[in-house]
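# Breakdown of the fold
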Amino acid sequence: MSRVLVIGCGGVASVAIRKCCQVSEVFTELCIASRTKEKCDKLAQDLAGKTATKITTAQVDADDVQQVIDLINSYKPNLVMNIALPYQDLTIMDACLACGVNYMDTANYEPENIDDPEWRAVYDKRCKEEGFSAYFDYTWQWAYKKKFEEAGLTALLGSGFDPGVTQAYCAYALKHEFDTIDTIDILDCNGGDHGYPFATNFNPEINLREVAAKGRYWERGEWVETDPLSWKMVFDFPEGIGKKNCYLMYHEELESLVQNLKGIRRARFWMTFGDAYLNHLQVFKNVGLIGIEPVKFQGQDIVPLQFLAKLLPDPASLGPRTVGKTCIGCLMRGKKDGEDKTYYIYNICDHQECYRELGSQAISYTTGVPAMVGAMMMVTGKWSSHSSYGRQFEAEFLERLMPQTSMEIMSYLSSRIIKGIGPRMAARIVQHFGDETLLVMEREPERLAEVSGISREKAKLIGEEFRQRVGMRQLMEFFAMHQLPAELAVRVYKRCSGSWLEDQDFFRFNGIFRDTYLLQRQEEHITDVSIWNG
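Parameters at a glance
- Residues numbered from 1 in each chain as written.
- Predicted model: local features only at pLDDT ≥ 70, side-chain atom pairs only at ≥ 80, totals over all residues.
- Heavy atoms only, no water.
- Helix = DSSP H or I, 4+ residues; strand = E, 2+ residues; numbered from the N terminus.
- Buried < 20%, exposed > 50% of the residue type's maximum accessible area, 1.4 Å probe, protein only.
- Contact = heavy atoms within 4.5 Å.
- Areas by Shrake-Rupley, 256 points an atom, 1.4 Å probe, with all protein chains shown as cover.
- pLDDT = per-residue confidence, 0-100.
- Axes fitted to C-alpha atoms, helices over the stretch in contact; angles between N-to-C directions.
- Parallel < 35°, antiparallel > 145°, perpendicular 65-115°, else oblique.
- Left-handed = near helix turned anticlockwise from the far one by under 90°.
- Nonpolar A, V, L, I, M, F, W, Y, C, P; charged D, E, K, R; others polar.
- Pairing = 2+ DSSP bridges.
- Right-handed = clockwise from strand over helix to strand, strands pointing away.
- Salt bridge = Lys/Arg side-chain N within 4 Å of Asp/Glu carboxyl O.
- Phe/Tyr/Trp six-rings, centres within 6.5 Å; stacked < 30°, edge-to-face > 60°.
- Polar contact = N/O pair within 3.5 Å; in protein donor to acceptor, adjacent residues only side chain to side chain.
- 1 Å grid on protein atoms, 1.4 Å probe; cavity = no way out; pocket = protein on both sides within 12 Å on 5 of 7 lines; lining within 4 Å.
- Points joined across faces, edges and corners; volume = space filled by probe spheres on them.
- Patch = residues over 30% accessible without salt bridge, like charges linked within 9 Å, V, L, I, M, F, W, Y side chains within 5 Å.
- Lys, Arg positive; Asp, Glu negative; His and termini not counted.
- Charge placed at Lys NZ, Arg CZ, Asp CG, Glu CD.

Now for the overall build of the protein. Along the protein, the regular secondary structure elements total 19 helices and 20 strands. The proportion of buried residues among the 534 residues of the protein is 48%. Within the protein, contacts between residues at least 6 apart in sequence are counted, and of these 64% link residues at least 24 apart. Taken as a whole, the protein presents about 26,900 Å² of accessible surface, with 49% of it coming from carbon and sulfur.

Moving on to unusual backbone geometry. A cis amide bond links Asp162 with the next residue in sequence, Pro163, at an omega value of 10°. Positionally, Pro163 belongs in the loop between β6 (155-156) and α8 (165-176). The phi torsion at Gln298 lies on the positive side, around 50°, for a residue other than glycine. Here Gln298 shows up in the loop between β13 (295-297) and β14 (300-302). For Gln298, a relative accessible area of 72% puts it in the exposed group. Within the chain, Asp337 stands out as a residue other than glycine whose phi angle is a positive 55°. You can call Asp337 exposed: its relative accessible area is 63%.

Looking now at the confidence of the model for the protein. Looking at the protein, pLDDT values average 84 and 84% of them are 70 or higher. In this model, residues 497-534 is a region of pLDDT below 50 whose contacts with residues beyond four sequence positions or in other chains number 78 contacts.

Right, let's get into the packing of helix α1 (residues 11-21) against helix α14 (residues 362-380). Packing of α1 against α14 brings their axes to within 7 Å, and their N-to-C directions diverge by 45°. One element, α1, and the other, α14, form an angle in the oblique class. As α1 packs across α14, the resulting crossing turns out to be right-handed. Listed contacts from α14 to Gly11, Val12, Val15, Ala16, Lys19 and Cys20 of α1 are Ser364, Tyr365, Thr367, Gly368, Val369, Ala371 and Met372. Along the lines of polarity and charge, the residues of the contact of α1 with α14 split into eight nonpolar, four polar and one charged.

Attention now moves to the sheet that holds strand β1 (residues 3-7). With parallel pairing, the six strands of this open sheet are ordered in space as β3-β2-β1-β4-β5-β6. The sheet is open, and its two edges are formed by β3 (54-59) and β6, each paired on a single side. The pairing of β1 with strand β2 (residues 29-34) spans five bridges and is parallel. Bridging from a neighbouring strand, Val6 pairs with Ile32 of β2. Each of β2 and β3 touches helix α2 (residues 37-47); the most contacted strand, β3, lies at about 170° to it.

This part covers the pairing of β3. Relative to β3, β2 runs parallel, the two sharing six bridges. From the neighbouring strand, Leu30 faces β3, where its bridge partner is Ile55. In terms of handedness, the path from β2 via α2 over to β3 forms a crossover that is right-handed.

Before going further, it helps to examine the pattern of salt bridges. Between side chains of opposite charge, pairing is possible as soon as their charged atoms come close. Counted under the stated rule, the structure contains 23 salt bridges. Glu357 is the salt-bridge partner of Lys19, the closest N and O atoms lying 2.7 Å from each other. Of this pair, Lys19 sits in helix α1 while Glu357 sits in helix α13 (residues 351-358), and the two are 338 residues apart along the sequence. Judged by its relative accessible area of 4%, Lys19 is buried. Salt bridges sharing partners connect three or more residues here, namely Asp182, Glu219, Arg220, Arg265 and Arg266.

Counted under the stated rule, the structure contains 13 aromatic pairs. Ring centres of Phe178 and Tyr343 lie 6.3 Å apart, and the angle between their planes is 85°; on these two criteria the pair is classed as edge-to-face. Of this pair, Phe178 sits in the loop between α8 and β7 (180-190) while Tyr343 sits in strand β16 (residues 339-350); the two residues are 165 residues apart in sequence, bridging distant segments of the chain. For Phe178, a relative accessible area of 3% puts it in the buried group.

Within the fold, Ala98 resides in helix α4 (residues 89-99). Considering only alpha carbons, one finds Ala98 and Ala151, 53 residues apart in sequence, at a separation of 9.5 Å.

Let us now look at the side chain of His251. Among the structural elements, His251 can be located in the loop between β11 (242-249) and α10 (253-260). Taking relative accessible area as the criterion, His251 reaches 4% and is therefore assigned buried. Of note is the side chain of His251, whose polar atom sits 2.8 Å from the side chain of Glu253. When residues no more than four places from it in sequence are discounted, the contact partners of His251 are Asp162, Pro163, Glu210 and Phe269.

Here the focus is empty space enclosed by the protein. Per the counting criterion, the structure on display carries one cavity of 30 Å³ or more. Approximately 30 Å³ is the volume attributed to the largest cavity. Residue lining of the largest cavity: Trp119, Val122, Tyr123, Arg126, Tyr135, Asp137, Thr139 and Trp140, and that is the complete set. With four residues, the single largest contributor to the lining of the largest cavity is helix α5 (residues 117-130). Split by residue class, the lining of the largest cavity holds five nonpolar, one polar and two charged.

Together, Asp115, Asp116, Glu118 and Glu293 give the surface a local cluster of negative charge. Structurally, Glu118 can be placed in helix α5. On the basis of relative accessibility, which here comes to 57%, the residue Glu118 falls in the exposed class.

Structure below.
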């Protein structure tokens, strides 16, 4: 169905690629390209025999526009997924424009060399006009908007978690939970422990530049800057993570949120750090090791931060030794129907569960999965314009995928979506049945009684509720796929006692299997439904 070029083969790219390969009916062909082809070959070899996706590899220097152009012209992809360094965003965007290919990335552009005269002129102008001094922002990439529109192409920027999912959380909340949002606090917590005295959970160079930068937040229509890590608060994170110190930082999604969600009085970003991390960071800063300007050493130019990054543990190596959970979410306050309202949307990710599924720690996982989702939307959807919400994706077909892995099933059942199952019971059920949990609930619900605390009667009730809930959803998706109204699906559901958990070749209506057809009697509106057994 699609041919996608992925540039990058680090921790986040590996997660995104592995997730793409789990949906091989969408990502039929992938080319993995990096400066170090051996890393691409190793990943491709590891995936061989585990996916139907056809995988090839290539070597490319993403700093060289012509090399990227040559690779795109050779491979002819439908989409380029840029999961390389943010220094390379602009060269890859230029190459996509030259070749007429859609583009996406997970983080906004920042320069590797802050002394470049062309970049410095734009930076100094922005500092004066906007009042903030962060080296990374959307100025450069947003300037490409008209170029991509005129070329009839799409560029999806920041399709990670933060940025990415956090904006989706805020947009969802404004659309469904609030009339107006007054304040947004994005809270990014890594409650994990890797056992090293000091390490970064993603690219050290990018991580340390980000942390050492001045803080910045939106307050009453203007940007306010703070000294690096000078503002601290304590937040009690859910699901056992507990109280953590959070420090105010600048993050690029703030820039997008205040432009697109009108009326926000305050928007801030917070990240958690332990004392050991901050103590090491202060020492590195004191001795100049997080500097980004080259220094002479034995006749060679060396960037101190790049040298430090080489000495630190590879983030990709942290997976097997990291324990604990991450929590990233948005705490929003505003009004609904004239009343004050507080709403918190968050994601919990367990480091060890991530490692068992994909060989990754949770930091890479939470960024890599949204990258795959963004790419999937781009190769299967189309754009439309909404009078209230602007330009957005319009899906011609929507399939709600059921949770596949133990971690996903655990999260699904812990949400109390099934009556009688809470977080503790969900943990016991998933621990007992693993990845087969939902299959057992559908086809052999009596086996739930094998779990401590579930009687035979309760097992039966859980199985019935699960089949009814999922059956109704699949029935409505079936009706939507055949352009039949949702209210008709409800009428059919009420008249039929069966469930709809069979595969896509047939549905089950009161024990009738195989080749079921739903016919619309009139063109103007539906007055009745016939169910034929073929």
